[in-house]
Amino acid sequence: IHIVIGIITSSVGELIRAATFSNFVANFGLITIFLLFLFIKQRYFTARINTLMPDPNRRAKLYFATAVSSFFVMNHEIRHRA
């Protein structure tokens, strides 16, 4: 009976390791796709903003407001992690 329990335990351990690895690979793939999307979008972001806001003063205010709001959102997320 000890042999059967050992086989079952090792099989369960292998299944857990395989599931953990597959979850890691899936998450890594999704994060990679998301980052690629962000880098592609960022490449054209400045051109879009320049087209939408030809006035450099308004554009500078927009960049500043975006940076400040991003800082506060990130700061809030870091402080309130569970």
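Let me begin by describing the structure that accompanies this report.

The rules behind these values
- Residues numbered from 1 in each chain as written.
- Predicted model: local features only at pLDDT ≥ 70, side-chain atom pairs only at ≥ 80, totals over all residues.
- Heavy atoms only, no water.
- Helix = DSSP H or I, 4+ residues; strand = E, 2+ residues; numbered from the N terminus.
- Buried < 20%, exposed > 50% of the residue type's maximum accessible area, 1.4 Å probe, protein only.
- Areas by Shrake-Rupley, 256 points an atom, 1.4 Å probe, with all protein chains shown as cover.
- Phe/Tyr/Trp six-rings, centres within 6.5 Å; stacked < 30°, edge-to-face > 60°.
- Patch = residues over 30% accessible without salt bridge, like charges linked within 9 Å, V, L, I, M, F, W, Y side chains within 5 Å.
- Salt bridge = Lys/Arg side-chain N within 4 Å of Asp/Glu carboxyl O.
- Lys, Arg positive; Asp, Glu negative; His and termini not counted.
- Polar contact = N/O pair within 3.5 Å; in protein donor to acceptor, adjacent residues only side chain to side chain.
- Contact = heavy atoms within 4.5 Å.

**Description of the overall build of the protein chain**
At step 1: Scanning the protein chain from N- to C-terminus turns up two helices and zero strands.
At step 2: For the protein chain, the proportion of its 82 residues judged to be buried stands at 4%.
At step 3: Entry remark: accessible area of the protein chain is about 7,800 Å², with carbon and sulfur atoms responsible for 72%.

**Structural notes on the packing of aromatic side chains**
At step 1: What the rule picks out here adds up to one aromatic pair.
At step 2: Centre to centre, the rings of Phe24 and Phe28 are 6.2 Å apart; their planes meet at 25°, and the pair counts as stacked. Note that Phe24 and Phe28 are positioned in helix α1 (residues 2–52) at a spacing of four residues, about one turn of the helix.
At step 3: On the accessibility criterion, Phe24 (53% relative accessible area) is exposed.

**Some remarks on a nonpolar patch on the surface**
At step 1: Together, Ile31, Phe34, Leu35, Phe37, Leu38 and Phe39 make up a nonpolar patch on the protein surface, roughly 620 Å² of accessible area in all.
At step 2: Relative to the assigned elements, Phe37 resides in helix α1.

**Brief notes about the side chain of Arg59**
At step 1: Structurally, Arg59 can be placed in helix α2 (residues 56–79).
At step 2: Despite its burial, Arg59 pairs with no opposite charge, the nearest such side chain being Asp55 at 6.8 Å.
At step 3: Of the polar contacts made by the side chain of Arg59, one reaches the backbone oxygen of Met53; its length is 2.9 Å.
At step 4: Contacts of Arg59, omitting those with residues within four sequence positions, involve Ile49, Asn50, Met53 and Pro54.

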